[in-house]
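Structural features, examined
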Amino acid sequence: MALQEVLDKIKAVVGPSGWMSHEDPAVAPWLIDSHGVFTGACALFVRPATTREVSRILAICHQADVAVVPQGGNTSRCGAATPDKSGRAILLNLGRMNAIRAIDADNYSITVEAGCILQTVQQTAENAGRYFPLSLGALGSCQLGANLPTNAGGINVLRYGNTRDLVLGLELVL
């Protein structure tokens, strides 16, 4: 399958508000890591709105052997969320998947999507009379979906543990 065919299929999955061309100037900040050390290029910047869309995008890319670089708030300090310079990868940003699905104050739990900003999760918990202990310097821009695979610690790590210690369950796309 030609790359353009892959891109067209992905665009159809996410609709017009779910993608931007790699040539769009608004994409440029997402192609540089937060240190400004790593710079890459992508074939398409895609922002799915649902887990189902992510699943469909990954299936298309897997079938066509096209690389996918997942990205949260792009606050990483290691460059892992920056595509390489080939311009063939799909940059998959989870920022549109930012709903807080439920908060259960009685059971001290909150269900959030991968693109939820950490500070929003903390504020939602506080509004329910609860405390979400993960706290990082990038709390106003980092996303929970990226905090988890990096197993972020933060300033409360000794008392409450790393991010994985705060998770009861996951919805995954394989």
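Whatever comes next refers back to the structure up there.
Quick look at the structure, then. Predicted, not measured: the structure shown is a model, and the values here were computed from it. (Residues numbered from 1 in each chain as written. Predicted model: local features only at pLDDT ≥ 70, side-chain atom pairs only at ≥ 80, totals over all residues. Heavy atoms only, no water.)

**Quick notes on the overall build of the protein**
A count of helices and strands for the protein gives five helices and six strands. When the helices and strands of the protein are placed in sequence order, the string is α-β-β-α-β-β-β-β-α-α-α. Rg of the C-alpha trace for the protein: 17 Å, near the compact-globule value of 16 Å for 174 residues, within the 12% margin. Dimensions of the protein, computed from the C-alpha atoms along their principal axes, are close to 50 × 35 × 25 Å. In the protein, which comprises 174 residues, the proportion classed as buried is 38%. A separation of at least 24 residues holds for 55% of the contacts in the protein among residues at least 6 apart in sequence. Of the roughly 9,600 Å² that the protein leaves accessible, carbon and sulfur atoms contribute 53%. (Helix = DSSP H or I, 4+ residues; strand = E, 2+ residues; numbered from the N terminus. Rg over C-alpha atoms; globule rule 2.2 N^0.38 Å. Buried < 20%, exposed > 50% of the residue type's maximum accessible area, 1.4 Å probe, protein only. Contact = heavy atoms within 4.5 Å. Areas by Shrake-Rupley, 256 points an atom, 1.4 Å probe, with all protein chains shown as cover.)

**Some words on the packing of aromatic side chains**
A full pass over the atoms with the stated rule returns two aromatic pairs. Against the face of Trp19 rests Lys11, its NZ or CZ located 4.2 Å from the ring centre. Its guanidinium or amino end placed over the ring of Tyr108, Arg130 lies 4.2 Å from that ring's centre, counting from NZ or CZ. (Phe/Tyr/Trp six-rings, centres within 6.5 Å; stacked < 30°, edge-to-face > 60°. Lys NZ or Arg CZ within 6 Å of the ring centre and 35° of its normal.)

**Here's the deal with the sheet that holds strand β2 (residues 44-46)**
Spatial strand order, β1-β2-β4-β3: four strands in an open sheet with mixed pairing. Edge positions in the sheet fall to β1 (19-21) and β3 (68-71), since each of these pairs with one other strand and no more. Taking the axes of each pair of neighbouring strands and ignoring which way they run, one obtains an average angle of 20° across the sheet. Examined bridge by bridge, β3 and strand β4 (residues 90-93) share four bridges and lie parallel to one another. The residue of β4 that forms the bridge with Gln71 is Asn93. Helix-sheet contacts for helix α1 (residues 3-14) involve β1, β2 and β4, and the interaxial angle to β2 is about 20°. (Pairing = 2+ DSSP bridges. Axes fitted to C-alpha atoms, helices over the stretch in contact; angles between N-to-C directions.)

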